[in-house]
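As a plain string of letters, each chain reads:
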Amino acid sequence: MSTYTDKIRETAQRLLKECKVEMVIGFRKGSQPMMNEPCVVRSPEEVDQLIWDSNCGINLANYLTNRKEKIGIVAKGCDSRNIVTHIVENKIAREQLVIIGVPCLGMIDKRKIAAAADGEILSVTEADGQVMVKTAQATQTFAKSDVLQGNCSVCTHRNPVIHDEMIAEPVPEQTDVDPYADVAEIDAMTPEQRHAFFEELLAPCIRCYACRNACPLCYCPTCFVDESKPQWVGKGQDPADVRTFHFLRAYHCAGRCTDCGACQRACPVGINMRLLTKKLNKDCLELYGWEAGLSTETRPALDDYQPNDPENFIH
Amino acid sequence: MKNLLEHMGMEPDRLHFSWISSAESTKFVAVVNQITAKVKALGPNQRFVKKAAKVA
Amino acid sequence: MKVIKIEKSQWSQGLDNLRDAFRLFGPVIEKGFYDYRELAAGQAPDLSFQNTRLSPKSLVFPQSETMLNYSLDPADPERNIMKEAPKDYAPRAVIGLRPCDAKAMVLVKMNFDTEEYQDPYWLNLYNATTFVGLACDAPCGTCFCTSAGCGPYHEEGLDVLLTDRDDHYLAKALTDKGAQLLEKAGWTQAADADTIIEKAKQAAEAKVTSKIETDGLRAADTMALYNAGFWDDVAFACINCGTCTFSCPTCWCFDIQDEAYRTKGVRMRNWDSCMFPIFTVHTTGHNPRDTKTQRVRQRFMHKLKYFVDKYDQGIMCVGCGRCVRQCPVNIDIRKVSALMNALSVQARCAV
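These figures come from a predicted structure and were not determined experimentally.

About the thresholds
- Residues numbered from 1 in each chain as written.
- Chains lettered and ligands numbered in written order.
- Predicted model: local features only at pLDDT ≥ 70, side-chain atom pairs only at ≥ 80, totals over all residues.
- Heavy atoms only, no water.
- Helix = DSSP H or I, 4+ residues; strand = E, 2+ residues; numbered from the N terminus.
- Rg over C-alpha atoms; globule rule 2.2 N^0.38 Å.
- Contact = heavy atoms within 4.5 Å.
- Areas by Shrake-Rupley, 256 points an atom, 1.4 Å probe, with all protein chains shown as cover.
- Lys, Arg positive; Asp, Glu negative; His and termini not counted.
- Charge placed at Lys NZ, Arg CZ, Asp CG, Glu CD.
- Buried < 20%, exposed > 50% of the residue type's maximum accessible area, 1.4 Å probe, protein only.
- Domains from an automatic or database assignment.
- Buried area = accessible area lost by both parts, 1.4 Å probe.
- Salt bridge = Lys/Arg side-chain N within 4 Å of Asp/Glu carboxyl O.
- Polar contact = N/O pair within 3.5 Å; in protein donor to acceptor, adjacent residues only side chain to side chain.
- Nonpolar A, V, L, I, M, F, W, Y, C, P; charged D, E, K, R; others polar.
- Core = buried A, V, L, I, M, F, W, Y, C linked by side-chain atoms within 4.5 Å.
- pLDDT = per-residue confidence, 0-100.
- Expected span 1.5 Å × (residues − 1).
- Arc of directions from axis to C-beta.
- Pairing = 2+ DSSP bridges.
- Axes fitted to C-alpha atoms, helices over the stretch in contact; angles between N-to-C directions.

Novice: Help me understand the overall build of chain C, please; the structure alone is not making it clear to me.
Specialist: A count of helices and strands for chain C gives 11 helices and 12 strands. For 351 residues, the compact-globule estimate of 2.2 N^0.38 gives 20 Å, and the C-alpha radius of gyration of chain C, at 22 Å, lies within 12% of that figure. Overall, the C-alpha framework of chain C stretches about 70 × 60 × 40 Å when taken along its three principal axes. A sequence separation of at least 24 residues applies to 73% of the contacts in chain C between residues at least 6 apart. Surface exposure of chain C reaches about 15,100 Å², of which carbon and sulfur atoms provide 51%. Looking at chain C, you have 42 positive and 44 negative side-chain charges, and the mean spots of the two groups are 3 Å apart.

Novice: What should I look at first to understand the overall build of chain B in this one?
Specialist: For chain B, the helix and strand inventory stands at 2 helices and 0 strands. Taking 10 Å as the expected radius of gyration for a compact globule of 56 residues, we find that chain B reaches 15 Å, considerably beyond that expectation. Projected onto the principal axes, the alpha-carbon positions of chain B cover approximately 55 × 20 × 20 Å. The proportion of buried residues among the 56 residues of chain B is 25%. Long-range pairs, those at least 24 residues apart, make up 55% of the contacts in chain B with a sequence separation of at least 6. Of the roughly 3,500 Å² of accessible surface on chain B, a fraction of 62% belongs to carbon and sulfur atoms. Separation of charge centres in chain B, based on 9 positive and 4 negative side chains, amounts to 10 Å.

Novice: Where do I start with the domain arrangement of chain C in this structure?
Specialist: How big an interface is tends to be reported as the loss of accessible area on association of its parts. All names here are of chain C. Taken domain by domain, chain C consists of domain 1 (3-57 + 86-207) and domain 2 (222-253 + 272-350). Inter-centroid distance (C-alpha atoms) of domain 1 to domain 2 is 29 Å. Taken residue by residue, the interface counts 24 residues in domain 1 and 24 residues in domain 2. When domain 1 packs against domain 2, the two sides together hide about 2,000 Å² of surface, and 61% of this comes from carbon and sulfur.

Novice: Looking at this model, I keep getting lost on the interface of chain B and chain A. Mind explaining?
Specialist: Counting from both sides, the interface comprises 26 residues of chain B and, opposite them, 29 residues of chain A. Overall, the association of chain B and chain A removes approximately 2,300 Å² of surface from exposure, summing both partners, and the carbon and sulfur fraction of that is 65%. Its largest share of buried area at the contact with chain A, chain B owes to B:Leu4, B:His7 and B:Met8, together 32% of the area lost on that side. The interface formed by chain B and chain A contains 2 salt bridges. Of the charged contacts, one joins B:Lys50 and A:Asp241 as a salt bridge, the two residues approaching to 2.3 Å between their closest N and O atoms. Inspection of the region where chain B meets chain A yields 9 residue pairs in polar contact (both at pLDDT 80 or more). If you list the elements that add at least two residues to the side of chain B that touches chain A, you get α1 (2-7) and α2 (25-42) of chain B. Per-element tally for the side of chain B that touches chain A: the top contributor is α1(B), with 5 residues. Here the residues of the side of chain B that touches chain A are counted per class, giving 14 nonpolar, 6 polar and 6 charged.

Novice: Explain the nonpolar core to me, please; I cannot follow it from the model alone.
Specialist: The nonpolar side chains of a soluble globular protein tend to be buried with one another. Counting 181 residues, the largest nonpolar core has A:Ile25, C:Phe300 and C:Met340 as the members making the most contacts within it. In terms of residue count, helix α2 (residues 99-112) of chain C provides more of this core than any other element does, 8 residues in total. Beyond its immediate chain neighbours, meaning those up to four positions away, C:Phe300 contacts C:Trp231, C:Val234, C:Lys305, C:Ile331, C:Ile333, C:Val336 and C:Met340. Counting residues in each nonpolar core, the second largest holds 10 residues, with A:Ile108, A:Val124, A:Val131 and A:Val147 among its members.

Novice: Hey, could you run me through the pattern of salt bridges in this one?
Specialist: Two side chains bearing opposite charge may form a pair once their charged atoms approach each other closely. Residue and element names in this part refer to chain A. What the rule picks out here adds up to 45 salt bridges over all chains. Across the pair Lys279 and Asp187 runs a salt bridge whose closest N-O atoms are separated by 3.5 Å. Of this pair, Lys279 sits in helix α10 (residues 274-288) while Asp187 sits in helix α5 (residues 181-187), placing them 92 residues apart in sequence. Within this structure, Asp187, Lys279, Lys282, Asp283 and Glu286 form a network of salt bridges that share partners.

Novice: Explain the confidence of the model for chain C to me, please; I cannot follow it from the model alone.
Specialist: Note: predicted coordinates in regions of low pLDDT should not be interpreted at a detailed level. All names here are of chain C. Within chain C, residue pLDDT values average 95, and 98% of them lie at 70 or more. Considering each helix and strand of chain C separately, the mean pLDDT is smallest for helix α11 (residues 333-350), with a value of 84, and largest for strand β7 (residues 129-134), with 98. This complex was scored by the predictor with a pTM of 0.93 and an ipTM of 0.93.

Novice: Would you mind showing me how to read helix α5 (residues 194-207) of chain C here?
Specialist: Residue and element names in this part refer to chain C. Counted at 1.5 Å a residue, the expected span for α5 with its 14 residues is 20 Å, and the 20 Å between its end C-alpha atoms agrees. Within α5, burial applies to Ile197, Ala200 and Ala204. The arc that holds the buried residues of α5, viewed along the axis, is 65°, so those residues lie on one side. Across α5 from its buried face, at more than 90 degrees, point the exposed residues Thr195, Lys199 and Ala206.

Novice: How should I be thinking about the interface of chain A and chain C in this particular structure?
Specialist: Taken together, the 36 residues of chain A in the interface contact 41 residues of chain C. Across the chain A/chain C interface, buried area totals approximately 3,000 Å², and carbon plus sulfur atoms make up 53% of it. Summed over the shared surface of chain A and chain C, the number is 3 salt bridges. Linking chain A with chain C are 15 residue pairs in polar contact (both at pLDDT 80 or more). Here the side of chain A that touches chain C is built from residues that sort into 15 nonpolar, 11 polar and 10 charged.

Novice: What's the story with the sheet that holds strand β7 (residues 130-135) of chain A in this structure? I'm lost.
Specialist: Sheets are built from strands that pair by backbone hydrogen bonding, the pairs being arranged parallel or antiparallel. All names here are of chain A. Taken together, 3 strands build an open sheet; the order of strands is β6-β7-β8 and the sheet is antiparallel. Since the sheet does not close on itself, it has two edges, and those belong to β6 (121-127) and β8 (139-143), each with one partner. Ignoring strand direction, the axes of neighbouring strands in this sheet form an average angle of 20°. Judged from the 5 bridges that link them, β7 and β8 form a sheet pairing that is antiparallel. When the bridges of β8 are listed, Met132 appears paired with Thr141.

Novice: Looking at this model, I keep getting lost on helix α1 (residues 2-17) of chain A. Mind explaining?
Specialist: Three- or four-residue spacings in an α-helix give side chains the same orientation, since the helix completes a turn every 3.6 residues. Residue and element names in this part refer to chain A. The first and last C-alpha atoms of α1 sit 22 Å apart over 16 residues, in line with the 22 Å expected at 1.5 Å per residue. Along α1, the positions that sit buried rather than exposed are Tyr4, Thr5, Ile8, Thr11, Ala12, Leu15 and Leu16. In an axial view of α1, the angular spread of the buried residues amounts to 135°, which keeps them on one side of the axis. Structural note: α1 exposes Ser2, Thr3 and Lys17 on the side pointing more than 90 degrees away from its buried face. Buried positions along α1 lie against β1 (23-29), β2 (36-41), β3 (50-51), β4 (71-75), β5 (97-101) and β9 (165-166). Following α1 by one or two positions, Cys19 adopts a phi angle in the positive range, close to 55°.

Novice: Mind showing me how you'd approach the pairing of strand β1 (residues 3-7) of chain C here?
Specialist: Both faces of the sheet carry side chains from a regular strand, because those side chains alternate between them. Residue and element names in this part refer to chain C. Both β1 and strand β10 (residues 190-191) contribute to a ladder of 2 bridges, which runs antiparallel. Looking at the pairing, Val3 lines up with Ala191 of β10. Two strands pair when backbone bridges link them, and β1 and strand β9 (residues 168-173) are joined in this way by 5 bridges, in the antiparallel orientation. Within β9, the residue paired with Val3 across the bridge is Lys172.

Novice: Hey, could you run me through the environment of A:Tyr4 in this one?
Specialist: Residue and element names in this part refer to chain A. When you line up the elements, Tyr4 lands in helix α1. For Tyr4, a relative accessible area of 9% gives the class buried. Through-space distance from the C-alpha of Tyr4 to that of Met107 is 14 Å; in sequence the pair is 103 residues apart. Each residue touching Tyr4, except ones within four places of it in the same chain, is listed here: Trp52, Val102, Pro103, Ile167, Ala168 and Val171.

Structure, rendered in structure tokens:
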């Protein structure tokens, strides 16, 4: 991965030196194991901050919304799909961007590692598909494929779908994965079981809105939960309000979600709210053959009418 | 939307969508009758409903 | 105050003795994470935790809390009259609070209990509670309590401080409330263990290696900090979620809401966060803290400068490290404080 870092720095430096961009958005090393901080560099001297490893799970497209500058942005597969969505939704212009594509081999799940580690984690390093976790007691080694984020392990778009620079040769796409196995499990339940399942899933929610705010799709000037005239949803911890928030947040992502996993990654209490967005992704794929963010030329599923759209809802 | 509500545990017969032209009055009546029968069979809705704020 | 030795064999019996007089709360593990919960009959707190995921502030400051009730029923002669909501203020005890979180209660009290105003909801719960702390012998890598006016054996805000000595606890009664609790539990075996505790304290403090730099903040020029050039860089990654403020034991902001259903209404308060854009929106629609940088600056300036100046009691942070661990984009208060501190030192040197 360190070659990725070198190549990102080289590219960023060149783009800044040649005044192709005013700023480059990427990641810098975090202060915690398995954490990196999204950052912006504005001069060639600063590019040595930039790094790349398997802890760059935050979706950088989130930092583009309504920006006016010429921007270089480091983008893995899912980030690039959200950049496409941003372009389609007029949140940024293609001409403003120099997309530095990063073929991605998946991000590691800090919670999985924390749960598997024996004691507090002091450092995490990786090499050749192995993740080495150092705790006060021991050094443990995991296969990276076993500790990937849930969305990365079923990802079928690891390579950027749009880019101006590529920092490495494309990686092979995964073909033998079933992205919707977890959704199918829920579909097999009775309504009562499903209701109880989500009751339990959402119970720890503290309504910090990290899922919403980490999501590049959530850019409304005022979110419906923050509206007060009229007030659509209560602001307390009532389960009906918490459920309404999660339901509508997910629904607003219908046909737009790339399953980048930023929401789940950001959640301080570890809720897998992707089980909601993925249901919609699955429906979009099955009903409209639609996957979000693959092309700037086509209109999103919910923004487009086709004569063969399913209409079995009509009585 | 109906799919996601059902995914979260809403009963399939609770929410209905259809498309009826203003010229299809008999269809309108038939659909409304169908819906009322299905919803009545389910009884009052208990999900996504808040009768009083639950606070500490 | 005196030290009591509690054999672990007497531990659960003692807790059971307390249940007649107190509702007990303590850390329990749920789905792999520790949080404070009310303990059911026979349930012991799980004291093998490092620290809980969320702070125990919700024990005296629930995230969502009823203040007043009212009726909107036209037939009710008392309709439209706000009434005090009935609450259970019977004695409670929290078993296994970490010293940092106890110190945080003291800081929060400065806000809720002033000469001019006393917040009845917070104070009633606070006064009803006996805080039994558990000293930290294995602090986390993100703990920086010793440089935040606190420490792994810090006693402020606690009624009892427990020290785990393998087969027994040493319980130091710090207040009359604490002494009464120990007595009710039937833990009475006096121990002469001041030196043991002192030694354990020093050993634990030596393990807290992470630091926050704050020495120059008090003397620093407020406007120099406010106008510092680093805020845009600090704030860039921030997504303006409420994780830091909601997990923080010292953040106390709340928002008051009315909710009415048919003929009954409730006035409640909910945690609020200075990270949320609507936190400062005026009824005119004007928002004085309209940008992310302004909001991030507010959070750090409040904790590390305004609070310091207003109360002269150190920073509004106890070094628990929760915000550092849980921030989705790794914004680290230690780094920000170091930036602010370095600037204050520069500013002083220039004069």
